[in-house]
Amino acid sequence: MKNKFIYLAILAAGFASCEPEFENEVGANYTSGDADFTTYVAVGNSLTAGYMDGTVSRGGQAYSFPNLLAQRFALVGGGEFTQPSYADDVNNLGGLTLGGIQIANTRLVIDYSEGRPESLVGTPTIEVSNLQATAYNNMGVPGAKSFHLVASGYGNLAGVALGQSNPYFVRHATSPSATVLGDAMSKNPTFFTNWIGANDVLSYATNGGAQSDGVTPAADHNTTGNMNPATYGGNDITNSTVFASVYSTIVNTLISGGAKGVVATVPSVTSIPYFTTVPYNALPAEATSSNATAIALYQFLAVATGGRISPLNTAAGTKNPVLIKDNDLADISGTIQAYAAGSGNPLLVANAAALGAIYGQARHATSNDLVVLPASSIIGQPNASATAPFNINGVTWPLANKWVLTANEKTKVANATASYNAAIVSIANANDLAVADMNAIMNQLISGLRVEDGTIYTANYFSAATASTVLFSLDGVHPNPRGYAVIANEILKVINSHYNANLPIYTAANFPGINIVPTN
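Residues numbered from 1 in each chain as written. Predicted model: local features only at pLDDT ≥ 70, side-chain atom pairs only at ≥ 80, totals over all residues. Heavy atoms only, no water.

**Quick notes on the overall build of the protein chain**
Working step 1: Within the protein chain, the secondary structure is distributed over 17 helices and 18 strands.
Working step 2: Relative to its length of 520 residues, the protein chain is compact, with a C-alpha radius of gyration of 24 Å against a globular reference of 24 Å.
Working step 3: With the C-alpha coordinates aligned to their principal axes, the bounding extent of the protein chain is approximately 80 × 50 × 45 Å.
Working step 4: Taking all 520 residues of the protein chain together, 54% fall into the buried category.
Working step 5: Summarising the internal contacts of the protein chain: among those between residues at least 6 apart in sequence, 77% fall at separations of at least 24.
Working step 6: Surface exposure of the protein chain reaches about 19900 Å², of which carbon and sulfur atoms provide 52%.
Working step 7: For the protein chain, the separation between the mean place of its 20 positive charges and that of its 31 negative charges on side chains is 6 Å. (Helix = DSSP H or I, 4+ residues; strand = E, 2+ residues; numbered from the N terminus. Rg over C-alpha atoms; globule rule 2.2 N^0.38 Å. Buried < 20%, exposed > 50% of the residue type's maximum accessible area, 1.4 Å probe, protein only. Contact = heavy atoms within 4.5 Å. Areas by Shrake-Rupley, 256 points an atom, 1.4 Å probe, with all protein chains shown as cover. Lys, Arg positive; Asp, Glu negative; His and termini not counted. Charge placed at Lys NZ, Arg CZ, Asp CG, Glu CD.)

**Topic: the packing of helix 11 (residues 292-304) against helix 12 (residues 333-341)**
Working step 1: Interhelical geometry of helix 11 versus helix 12 gives an angle of 125° and a closest axis separation of 10 Å. In this view, helix 11 runs oblique relative to helix 12, as classed from their interaxial angle. Read as a crossing pair, helix 11 and helix 12 show a hand that is right-handed. Only Thr335, Ile336, Tyr339 and Ala340 of helix 12 make contact with helix 11, whose side of the interface consists of Phe300, Leu301, Val303 and Ala304. (Axes fitted to C-alpha atoms, helices over the stretch in contact; angles between N-to-C directions. Parallel < 35°, antiparallel > 145°, perpendicular 65-115°, else oblique. Left-handed = near helix turned anticlockwise from the far one by under 90°.)

**Some thoughts on the pattern of salt bridges**
Working step 1: As enumerated under the stated definition, the model contains five salt bridges in all.
Working step 2: Ionic pairing is found between Glu452 and Lys493, a salt bridge with its closest N-O pair at 2.6 Å. Here the residue Glu452 occupies a position in the loop between strand 16 (449-450) and strand 17 (456-457), and Lys493 occupies one in helix 17 (residues 481-498), the gap between them amounting to 41 residues.
Working step 3: By relative accessible area, Glu452 is classed as partly exposed at 47%.
Working step 4: A relative accessible area of 31% means that Lys493 is categorised as partly exposed. (Salt bridge = Lys/Arg side-chain N within 4 Å of Asp/Glu carboxyl O.)

**Details of the nonpolar core**
Working step 1: Judged by nonpolar contacts, the single largest core of 150 residues is most densely connected at Phe275, Tyr359 and Ile495.
Working step 2: No other element matches the nine residues that helix 17 contributes to this core.
Working step 3: Those residues within four positions of Ile495 in sequence are excluded, and the remaining contacts are Phe37, Phe73, Phe191, Val262, Asn500, Ala501 and Leu503. (Core = buried A, V, L, I, M, F, W, Y, C linked by side-chain atoms within 4.5 Å.)

**Quick word on empty space enclosed by the protein**
Working step 1: Summed over the entire model, instances satisfying the criterion amount to five cavities of 30 Å³ or more.
Working step 2: Elements with a contribution of two residues or more to the lining of the largest cavity: helix 1 (46-49) and helix 6 (199-206).
Working step 3: Among the elements that take part in the lining of the largest cavity, helix 6 stands out by supplying three residues, more than any other.
Working step 4: Class assignment for the residues of the lining of the largest cavity results in 13 nonpolar, five polar and no charged.
Working step 5: Every residue lining the second largest cavity is listed: Ala49, Val56, Gln61, Pro84, Tyr86, Asn138, Gly140, Val141, Pro142, Tyr168 and His172.
Working step 6: Going through the elements one at a time, strand 6 (138-140) and helix 4 (167-172) are the ones with two or more residues in the lining of the second largest cavity.
Working step 7: In the lining of the second largest cavity, the residues fall into seven nonpolar, four polar and no charged. (1 Å grid on protein atoms, 1.4 Å probe; cavity = no way out; pocket = protein on both sides within 12 Å on 5 of 7 lines; lining within 4 Å. Points joined across faces, edges and corners; volume = space filled by probe spheres on them. Nonpolar A, V, L, I, M, F, W, Y, C, P; charged D, E, K, R; others polar.)

**Details of the sheet that holds strand 8 (residues 260-264)**
Working step 1: Within the open sheet, the five strands sit side by side as 6-1-7-8-15. Their pairing is parallel. Of all the strands in the sheet, just strand 6 and strand 15 (434-436) have a single pairing partner and so form its edges. Strand-to-strand, the axes of this sheet are offset by a mean angle of 15°, without reference to chain direction.
Working step 2: Where strand 1 (residues 40-44) meets strand 7 (residues 191-195), five bridges bridge the pair, whose relative direction is parallel. Each bridged residue has a counterpart across the sheet, and for Val43 the counterpart in strand 7 is Asn194. (Pairing = 2+ DSSP bridges.)

**Some remarks on the environment of Pro398**
Working step 1: Within the secondary structure, Pro398 sits in the loop between strand 13 (370-371) and strand 14 (404-405).
Working step 2: Relative accessible area serves as the criterion here: at 6%, Pro398 is assigned to the buried category.
Working step 3: Residues Pro398 and Leu323, spaced 75 residues apart in sequence, show a C-alpha to C-alpha distance of 4.8 Å.
Working step 4: Not counting chain neighbours up to four residues away, the residues in contact with Pro398 comprise Leu323, Ile324, Lys325, Ile358, Tyr359 and Ala362.

Here it is as structure tokens:
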């Protein structure tokens, strides 16, 4: 089944890649208010680093929200603002290599000739082992969780291949034992932004609640009670008490020299297109009505599963929900096997044991489940690990754990996000820091976020119809340049209000949207 979610029938020429269009300020009475922007430092994860379209690139980094803020701070005495060097990204491809071997993909673009997003052809030139050993004003580290900011060795080159350190931080860590927070504090900040915490729950969500194998459930440590993050799996949910403790340490360290700043809350997963683009009922009747095996199989499973799986709807114009595996379901593989063995159908009898194993925890997705964006490329395609005719992803082969965030998993994510945000707001209030409630702002995208120039943005993924109102890049998680401008504006408004400053906001519509190339 081809990707049904990208439509390029009409493309406006204005959405090709272009240079930044920052406004020139003349004759305005701008002030810093009660804040001191002499040395601005940003800590956080990929959202702070300027990550977009699945990578950090030389061109994309220029649109990081801290870089946009620093340009406004410069109007009222803000000093130099530095970011990790991407001068080695000579072709603006993004991606990473380690010892000459590619370890991260190049940036995503829309290939006009194919009508879909894909990674730019080419080999990355950003070599992780070319160490900069420099602390920067932008200390956003893609992939970082809260506790990673205080972890010694997170920037150790020797740990990259072992999965023990972060290649992005390795590139500029001042020493193998340096911490992100320690390097940030070496800049002696007078003002800071802190947007950390998304990855403490997002990596669980984007992987459908699965571990790195894509099948085994990842852990929610609010349930396990595990308070030792050194033992966490990469996709586990951080315990809320651990998060609050680490977050308090980060904030107390940042303000220890008298700095003021802004902290930002963690957005809900339901507000980003990575989880809202692919519908749960992604199977048009036209795509399944000719599959006689699927029709017969579903009729059998409707009985064998006691209604957990329903017969296919073959009426023209209707849609069927995808078939998924739900690890929280009771395993009824024995029941299904017994039904198949006694069915009298030669195909079912011959595959009775296999059918039990395949469908023992299978069910149809519902509107309460979130199918992740990458699933759009595999739904309806044969699964290389399965045997025909029970091998069509989402049709006769249940989508694996990593492709779907189930309702139960979604609740775990929502509960953790709420706990993190309560801690962020409480700690900020206790220290008289400004709060940019990015969770509330991003949630407005669901119904439509109206910005100062009157444009209404939504949480849509890219399409020809929504090209001018898309704030997200092609990875479905991170903003595009226009989105980062909106984020910068929200923080500027909070600074103006909380610190009695007068700083101008940006016109988001002047920033580029999605990058479209004629051919790739």
